[in-house]
Amino acid sequence: MMGVRESFRGRHLLVTGFTGFLGKVWVAFLLDHLEEVGRITLLVRGRRDESAVARVRAIFESSPALRPLRDKHGDRLLELVRDKIEVLEGDAKRPLLGIDPGTLAHLAPRLDAVVHCAGLTDFSPDPIQAIDVNVIGALHAADVAARTPDRRLVHVSTCFVAGEVDGDVPEVVDPGVSPNGTRFDAEMEMVSLRSACATVDEREGGPRKMAARRGRVEIGTKRAQALGWPNLYTYSKGLAEHALAARDDVRVCFVRPSIVECARSYPFPGWNEGLNTSGPIVWMCSGFAWKVPMRADNCFDVVPVDTVARGMTLAVADHLADRAPEVVQLASGDHNMFTFDRALDLTALKVRRGYVPSGVSALERALLTHLDSTAMDRGADRSYLLPAAQRATQWLRDRFRGFDKDRHLPRGVANKDDIEAKVKDAHLKLNKTSMLLKSIEQVWKSYQPFIHDFDYRFSTRNVRARTAQLSEDERRAFGWDLETLSWRTYWMDVEIPGLDRWSLPLLRGKDVEGDEPVDLGGDPPAVPTRALPAGRETRLDAGGAE
Amino acid sequence: MPDAALFRLEGTLSPRPTLTAAAWLALNARRVRARLLGLSSFALAGPLSAGPGLLRDPGRALRLAWSSLEGMSEDRLVVLGEVYAEEHLLGALSEVGLGLLEECKRREMRLVLLSDNLDVIARPVAAHLGFDVVISNAMELDAHDRATGELRPPVIGPALGGRRLEERLAEHGVDLRRSSVYGSHGADSVLLGAAELPCAVTPDRELRRIARDCDWPVVEGRLG
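Rules and cut-offs
Residues numbered from 1 in each chain as written. Chains lettered and ligands numbered in written order. Predicted model: local features only at pLDDT ≥ 70, side-chain atom pairs only at ≥ 80, totals over all residues. Heavy atoms only, no water. pLDDT = per-residue confidence, 0-100. Helix = DSSP H or I, 4+ residues; strand = E, 2+ residues; numbered from the N terminus. Salt bridge = Lys/Arg side-chain N within 4 Å of Asp/Glu carboxyl O. Pairing = 2+ DSSP bridges. Contact = heavy atoms within 4.5 Å. Axes fitted to C-alpha atoms, helices over the stretch in contact; angles between N-to-C directions. 1 Å grid on protein atoms, 1.4 Å probe; cavity = no way out; pocket = protein on both sides within 12 Å on 5 of 7 lines; lining within 4 Å. Points joined across faces, edges and corners; volume = space filled by probe spheres on them. Nonpolar A, V, L, I, M, F, W, Y, C, P; charged D, E, K, R; others polar. Parallel < 35°, antiparallel > 145°, perpendicular 65-115°, else oblique. Core = buried A, V, L, I, M, F, W, Y, C linked by side-chain atoms within 4.5 Å. Buried < 20%, exposed > 50% of the residue type's maximum accessible area, 1.4 Å probe, protein only. Expected span 1.5 Å × (residues − 1). Polar contact = N/O pair within 3.5 Å; in protein donor to acceptor, adjacent residues only side chain to side chain. Buried area = accessible area lost by both parts, 1.4 Å probe.

### Things to note about the confidence of the model for chain B
Phase 1: Across chain B, the average pLDDT comes to 89, with 94% of residues at 70 or higher.
Phase 2: At the level of individual helices and strands, chain B shows its lowest average pLDDT in helix 3 (residues 32-50) of chain B, which scores 78, and its highest in helix 7 (residues 119-129) of chain B, which scores 97.

What follows is the structure in structure tokens.
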């Protein structure tokens, strides 16, 4: 059987989503471990003040994800970049990913596969935005793949397209059947959702109004839940899978990671970017969230980003060799299970080991190190007091709001002004506390399907079976390695320090400092724009073929 | 010259008795209810450990103490074990014990740490001090990696010695009859009696008497 290196030898990939967390790590992993890869065209969206080439250059110069490449190649990194990388300005939301037809006509015949990593990962995005990026964007990627000689598309999805189900989740797609068994048509679903959102916009006086956005999220979430998806993220990713699976002009391999978290070793232990799922959980549990609405024994399906990069590499290699399974799930629960209870215990132990969130007093520190978070059943456990605490704080705040020193204080009371100032101060503090409690409760509610309601066990048979077939050398470099992960070491020594360094500052409203930029010495090459040969026309609508 | 040097952790290297470690672990259980249960176990274990005459039964006291850890996760045992070793043992080691240990290292003897404490506590101490072999107790875990409250056999009791211990030492290639043994308590006397070179280190009253009777060397110094 052809090895991973052989499968990649001289191959040309078009990759979307390079600027995202997983995209960066995967491309860096390929460049670092697979010199056989021929060329990688990075499709990147330009910004008003920054071209696609400038964005890619900035990532190569300062992103910590590229640190091993900078360390390894030093001044000669530009040579590697010019040899392996080219940048193409585009946009997943635009037809044919925003690639102009002439350029595509020249590029497509040289491509061996399109790897579509781009996507929105917010749990409650604007449904129109979610549809445009996660569904239409995927269809645009398929349109490009359909124009390549072998019509290969690797679509990065998520294990949670499984929706509201308990137990084993096999590696299959059942086109047109939603998680709760409802038959539906993905195209019609998008049409009706757009129509419903347009009605909301009209009712609220325009799409830019906050009430309109809230209304769209509400109506989209209801529709998602009616089909068995817990939120708009899983719904839009699910729709994309169903829409792609129904197409016969492309050969799709769906790569489904579960919860992608801090790197185990590549680019270096702990690397993370942005706010991922575990960030808020660790932030709250290392603080004063003593009762956490989680099901203790449910699986917390975390996978380090570099392990996902390995799994993706295997899936792409197999797709290039025309033997990839339709779905490859990259998860941990079916062979090295981590539970929410264990995550809470280890987080508390990390606090005991000296990790205390910044900005806490000595008394708080002492309390934090001796009171540990425990999971509780949201419905059954009466000790879950957060909603009640929020209501009480709100009630008290409202009592203080209308305070009038002349009306509420008896005559003859001295220092009325001082008392009024104190009451106003208390009102502000209560308001702040009430907002904090509300946002915590909102986070728990948005996480509820994944941490409380459903206990998923995603099958990873495909990636593990493929790993078993690798040579010893390739298994070390690319094999699925989660069986060997010690969750205690990972969570305490990698995940929590990684989140603390790369993610939690964002929750505290602070910036995360990247690496000191290193001058690349020149721009990565851009794909030259080409005119369409005379006499050829291209339809640009989604799903259209030349 | 002896090939190996056996050091008893409790007494010879550290002044803290094993019961203290068990109490500390129980008081750091995850839930407050478990901490309170741990406390009540120690209310019973205390008199058994240090009580007078017939009431005194250190072995039973320890069993009772360990039983209070029932339900504690392996993660918690390991992490708290490290914390206890670092915060409560390594900072207060016996100077005389450390001096003897250095001397044995200089003579390139195999170093064996003996303890009736849990391995999660004894191992970090052994790693820090450079011991080659650790012989200690391990908590039995259930299918969910939670402590059952029972020690995994063979159990090392407060009174060290006997055939089982010799067998465990032999598994590591250590022959008690070709070893130096350093102990501090009367309960160590059986072990010391079987060694090639026994040595009482700052001994308690009972061991001091036995050492005098048997003509064993006695090393005095400050404990912790």
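After that view of the structure, there is still more to cover.
### Examining the pattern of salt bridges
Phase 1: In this structure the tally under the stated criterion is 58 salt bridges over all chains.
Phase 2: Note that D519(A) and R57(A) form a salt bridge whose closest N and O atoms lie 2.8 Å from each other. Within this pair, whereas D519(A) is found in the segment after helix 21 (504-507), its partner R57(A) is found in helix 3 (residues 52-62), the two being separated by 462 residues in sequence.
Phase 3: Three or more residues joined by partner-sharing salt bridges are found here, namely D341(A), D345(A), D372(A), R30(B), R35(B), R76(B) and R146(B).

### A short note on the sheet that holds strand 2 (residues 110-118) of chain B
Strands pair in a sheet through their backbones, by hydrogen bonds, and they do so in one of two ways: parallel or antiparallel.
All names here are of chain B.
Phase 1: Strand order in this open sheet of six strands is 3-2-1-6-7-8, and the pairing throughout is parallel. Two strands lie at the open edges of the sheet, namely strand 3 (133-137) and strand 8 (218-219), each paired on one side alone.
Phase 2: Judged from the four bridges that link them, strand 6 (residues 179-183) and strand 7 (residues 197-201) form a sheet pairing that is parallel. In the sheet register, Y182 faces strand 7, and the bridge partner there is C199.
Phase 3: Running over the sheet, helix 7 touches strand 2 and strand 3 and is turned about 150° from strand 2.

### Some remarks on the layout of surface pockets
Phase 1: Roughly 1,000 Å³ of volume is contained in the second largest pocket.
Phase 2: Lining the second largest pocket are 37 residues, and of these D341(A), R30(B), R31(B), G71(B) and R146(B) lie nearest its centre.
Phase 3: Tallying contributions element by element places helix 3 of chain B first for the lining of the second largest pocket, with seven residues.
Phase 4: Its residues placed into classes, the lining of the second largest pocket shows twelve nonpolar, nine polar and 16 charged.

### Quick notes on empty space enclosed by the protein
All names here are of chain A.
Phase 1: In this structure the tally under the stated criterion is three cavities of 30 Å³ or more.
Phase 2: A volume near 50 Å³ is recorded for the largest cavity.
Phase 3: The wall of the largest cavity is formed by C285, S286, G287, W290, A348, V351, L368, L371, D372 and S373.
Phase 4: There is about 40 Å³ of room inside the second largest cavity.
Phase 5: Around the second largest cavity, the lining residues are G311, L314, A315, D318, P325, V328, N462, V463 and R466.
Phase 6: Mapped by element, the contributors of at least two residues to the lining of the second largest cavity are helix 12 (305-320) and helix 18 (461-468).

### Looking at the packing of helix 12 of chain A against helix 18 of chain A
Residue and element names in this part refer to chain A.
Phase 1: Interhelical geometry of helix 12 versus helix 18 gives an angle of 80° and a closest axis separation of 10 Å. In this view, helix 12 runs roughly perpendicular relative to helix 18, as classed from their interaxial angle. Contacts between helix 12 and helix 18 involve G311, L314 and D318 from the first element and V463, R466 and T467 from the second.
Phase 2: Broken down by class, the residue content of the contact of helix 12 with helix 18 amounts to two nonpolar, two polar and two charged.

### Quick look at the sheet that holds strand 3 (residues 85-89) of chain A
All names here are of chain A.
Phase 1: The strand order across the open sheet built from seven strands is 3-2-1-4-5-7-11, with neighbouring strands paired in parallel fashion. A strand with exactly one partner marks an edge of an open sheet, and here the two such strands are strand 3 and strand 11 (327-330). The average undirected angle you get between the axes of adjacent strands in this sheet is 20°.
Phase 2: Where strand 1 (residues 12-16) and strand 2 (residues 39-44) come together, five bridges link them in parallel fashion. By the bridge assignment for strand 2, L13 is matched with I40.
Phase 3: Of the strands in this sheet, strand 5 (152-156) and strand 7 (251-257) touch helix 10 (residues 232-245), which is tilted by about 160° from strand 7.

### Section: the nonpolar core
Phase 1: Membership of the largest hydrophobic core comes to 164 residues, with the highest contact counts inside it found for F8(A), W26(A), F60(A), W444(A), W491(A) and F7(B).
Phase 2: One finds A108(A), C197(A), W229(A) and L232(A) within the second-largest nonpolar core, a separate group that totals 44 residues.

### Notes on helix 7 (residues 127-146) of chain A
Residues and elements named next belong to chain A.
Phase 1: With 20 residues, helix 7 should cover 28 Å at 1.5 Å per step; its first-to-last C-alpha distance of 27 Å lies within 8% of that length.
Phase 2: With respect to burial, helix 7 is a largely interior element, 16 of its 20 residues being buried.
Phase 3: In this structure D126 caps helix 7, since a side-chain oxygen of it lies 3.0 Å from the backbone nitrogen of I128.

### Digging into unusual backbone geometry
Phase 1: The amide bond that connects Y266(A) to the next residue, P267(A), takes the cis arrangement and shows omega of 0°.
Phase 2: When you line up the elements, P267(A) lands in the loop between strand 8 (259-261) and helix 11 (278-285).
Phase 3: Omega for the bond connecting P153(B) with P154(B) falls within 30 degrees of zero, at 0°, which places this linkage in the cis form.
Phase 4: Relative to the elements of secondary structure, P154(B) occurs in the loop between strand 5 (147-151) and helix 8 (163-171).
Phase 5: Phi is positive for L96(A), close to 50°, though the residue is something other than glycine.
Phase 6: Tracing the sequence through the fold places L96(A) in the loop between strand 3 and helix 6 (101-107).
Phase 7: Taking relative accessible area as the criterion, L96(A) reaches 1% and is therefore assigned buried.
Phase 8: The backbone of D322(A) sits at a positive phi, close to 60°, despite the residue not being glycine.
Phase 9: Tracing the chain through its elements places D322(A) in the loop between helix 12 and strand 11.
Phase 10: By relative accessible area, D322(A) is classed as partly exposed at 45%.

### What about the interface of chain A and chain B?
Phase 1: Contacts between chain A and chain B engage 16 residues on the former and 17 residues on the latter.
Phase 2: Roughly 1,500 Å² is buried in total at the junction of chain A and chain B, and carbon and sulfur atoms are behind 38% of that figure.
Phase 3: At the surface where chain A touches chain B, the tally comes to ten salt bridges.
Phase 4: The interface formed by chain A and chain B includes eleven residue pairs in polar contact (both at pLDDT 80 or more).
Phase 5: At the level of elements, helix 13 (340-352) and helix 20 (487-502) of chain A are the ones that each hand at least two residues to the side of chain A that touches chain B.
Phase 6: No other element matches helix 13 of chain A, which puts eight residues into the side of chain A that touches chain B.
Phase 7: Grouping the constituent residues of the side of chain A that touches chain B by class yields six nonpolar, three polar and seven charged.

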